[in-house]
Amino acid sequence: MALLWRDARVRWIGGLLVLLLMVTGLGAWQSARDYGAEVARVTAAERARWLGQDAKNPHSADHYGLWVFRPSSPLSILDPGTEPYTGRMVRIEAHLFNDAVYRAVQDAGPFDRAGLSDVSDVVGLVVPLVALLLGFAAFAADRERGTLRLALGNGAPPGPLFAARFAALNLVLAVLVCLPLLTLGGVAIASLGTAGWQAWPRLLVWVAVQALYGAVFLLIAMIASLLARTARGALTISLAIWIALCLVAPRLATAGMEMVSPAPSYRETRLRIDGDLRPHKSAEASDARAQATLARYGVSDQQELPVDLRGLIMVENDHHAFAVYDRELGAFFAALAARDAAFGWAGLLSPRVALQRVSEGLAGTDFVQHAHFVWSAEAYRRAISERMNAEIRDNPQRDGRAMLAGPELWREIPPFAFAPLPLSRSLAEIRVPALLLGLWLALLAAGSIPLIRRLAP
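Positions within a chain are numbered from 1, following the residues in the order the chain's sequence is written. Totals for whole chains, interfaces and linings use every residue, but because this is a predicted model, local features are given only for residues with pLDDT of at least 70 and side-chain atom pairs only at 80 or more, for both listing and counting. As a rule here, side-chain values cover all heavy atoms of the structure and leave hydrogens and water aside.

1. Focus on the overall build of the chain
What counts is decided by this rule: Strands are runs of DSSP state E lasting at least 2 residues, helices are runs of H or I lasting at least 4, and numbering of each runs from the N terminus. Throughout, a contact is declared for two residues whenever any of their heavy atoms are within 4.5 Å. For the area figures, the Shrake-Rupley method with a 1.4 Å probe applies, and any residue is considered shielded solely by the protein chains shown. Charge convention: Lys and Arg are scored as positive, Asp and Glu as negative, and His as well as the terminal groups of each chain are ignored. For this purpose, a charge sits on NZ of Lys, CZ of Arg, CG of Asp or CD of Glu.
Looking only at helices and strands, the chain has 18 helices and two strands in total. Each of the three principal axes of the chain carries a C-alpha extent, and together these read 105 × 40 × 35 Å. When contacts within the chain are restricted to residue pairs at least 6 apart in sequence, long-range pairs at least 24 apart make up 82% of them. Of the accessible surface of the chain, which amounts to about 21200 Å², a share of 64% is contributed by carbon and sulfur atoms. When the 44 positive and 40 negative side-chain charges of the chain are each reduced to one mean point, those points stand 13 Å apart.

Structure, rendered in structure tokens:
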């Protein structure tokens, strides 16, 4: 171990890796802190705007609406996952299940779009390269120098020799990778909002997974060193494997998923929703429901109803819309979630593919968390609509008087509070790619055993 740290090659490689991780992570932390401050400011302004509105009909207040925001996971500085590509804010207003808007990638600069723009990119691409550079000469260089013959001739058993070198190199790699990641994660947890995120357990498991990922590629490099006669040959094999597993395989997996399971059409989903809602909201349909309501109460004039007819119809219209949204958008989101789950099996092609799914799940930045935010915002919208409609329905106005409500009603609506999915749910979502990542390590370890037994100078 001490000999490794004295190796100038190890110090240079390690120093550059740590520098890259820290610069990338601190840049992401600064952006996350700015975003959090902006969200807090706008959320407070939206709350004040809602509470400060003039007296008006409750349904007008429902249309007055407000914006709600998705709080970022503190570990998004390590792996932003889907967050840059999915909206962070939703407009809450009557009748409409609005899309989440403001995608961070829209404001990204050329460097951010070029790759290696976040810590997870560095871990996914650079850490394997560092592992290969540390391990490719483990035995091939000794074979070239003749020192491997000397070691074996002096009775050094191949198995313990391999295990000792792997343990030493893996410890060096773990220090170079885990300490910066724990530092960055700790800074994020200490300075960003962590309510409900179970941030420390997530961080510790996330860092452990990155260490496991690095060990996979270190084992690949050492197997190449067992196979090759020269250090150059071992390096060539290692780099070819890195290109195949880290660059080619993820693109093949993505292309294959598009062919096998194309994404559902959001446009067609919205068209089906509009096609179902439009006839229900027509004047003829509303008149028919009004007459049916009068008949149900056994009266001929809405002035005789114990409830407000307009409010009652609005409640029924919203319940119909809720059912349509649940059916169509529920199926749409479920299809996307199932597609993500199926993509987890693509980890069979590459440990990097498996790591991607595991990493964003543990960081709380995967599509499942985004869908949970969207439906949480929708539940909040429905609660507001139900309360505004109930106020109209339960307070029938006689003799043409206008229904007006004021601050007392506005204060009954609590601020939007987003509760992230728990870590246990995240672990359940990533169980397949996590097992595949472990399978990669186990298969490589098993494959190295016969090569170790046949180790020759």
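2. Focus: the UniProt feature "transmembrane region" (unreviewed entry) in the chain
This is how it is decided: UniProt positions are given in the numbering used here, feature names are shortened, and annotations may be inferred rather than shown by experiment.
Look at the UniProt record and you will see "transmembrane region" (unreviewed entry) annotated at residues 12-32, 122-141, 162-191, 203-227, 234-253 and 430-452. Regarding residues 162-191, the helix share stands at 100% and the strand share at 0%, and the terminal C-alpha atoms are separated by 43 Å. Spanning residues 234-253, this segment combines 100% helix with 0% strand, and its end C-alpha atoms are found 27 Å apart.

3. Focus: the pairing of strand β2 (residues 89-92)
Heads up, the condition is: Accessible area is worked out with a 1.4 Å probe on protein chains only. A residue is then buried under 20% of its type maximum, exposed over 50%, and partly exposed in between. A strand pair is defined by DSSP finding two or more bridges across the two strands.
Both faces of β2 are covered, namely the face carrying Met89 and Arg91 and the face carrying Val90 and Ile92. With four bridges joining them, strand β1 (residues 66-69) and β2 adopt antiparallel strand pairing. Pairing of Leu66 across the sheet is with Ile92, part of β2.

4. Here we look at the nonpolar core
Note the threshold: We call a set of buried Ala, Val, Leu, Ile, Met, Phe, Trp, Tyr and Cys residues a nonpolar core when their side-chain atoms join them within 4.5 Å.
Of all hydrophobic cores here, the largest spans 68 residues; its most connected members are Leu17, Leu78, Phe139, Leu181 and Phe217. Only α2 (8-51), α5 (119-135), α8 (158-191), α9 (199-227), α10 (231-260), α14 (351-363) and α18 (431-453) provide two or more residues apiece to this core. Here this core gets 16 residues from one element, more than from any other, and that element is α9. In this structure Leu17 touches Val122, Val126, Val127, Val130, Leu176 and Val177, once residues within four positions along its chain are discounted. Ala61, Ile92, Val374 and Ile384 belong to the second-largest nonpolar core, a separate cluster that totals 32 residues.

5. Digging into the packing of α2 against α8
The description of two helices packed together rests on the angle between their axes and the distance between the axes. Which entries qualify depends on this criterion: Angles run from 0 to 180 degrees between N-to-C directions of axes, and those axes are lines fitted to C-alpha atoms, restricted for helices to the stretch in contact. Each angle receives one of four descriptions, namely roughly parallel if under 35 degrees, roughly antiparallel if over 145, roughly perpendicular if within 65 to 115, and oblique otherwise. Less than a right angle of anticlockwise turn of the near helix away from the far helix marks a crossing as left-handed, whereas a clockwise turn marks it as right-handed.
Running from N to C, α2 and α8 point in directions that differ by 15°, and their axes come no closer than 10 Å. In terms of orientation, α2 and α8 fall into the roughly parallel class. Crossing of α2 against α8: the hand is right-handed. Along its contact with α2, which presents Val10, Gly14, Leu17, Val18, Leu21, Met22, Gly25, Leu26 and Trp29, the element α8 presents Val172, Leu176, Val177, Pro180, Leu181, Thr183, Leu184, Val187, Ala188 and Ser191.

6. Observations concerning the environment of Gln53
Under the convention used in this document: Think of a polar contact as two N or O atoms within 3.5 Å of one another; within protein, one of them needs to be a possible hydrogen donor and the other a possible acceptor, and neighboring residues in sequence only count if both atoms come from side chains.
Mapped onto the secondary structure, Gln53 falls in the loop between α2 and α3 (58-64). The exposure class of Gln53 is buried, given its relative accessible area of 4%. Along the backbone, Gln53 and Glu391 are 338 residues apart, and their C-alpha atoms lie at a distance of 17 Å. When near neighbours in sequence (up to four residues on either side) are disregarded, Gln53 contacts Ala61, Tyr64 and Trp410. There is a polar contact of 3.0 Å between the side chain of Gln53 and the backbone oxygen of Trp50.

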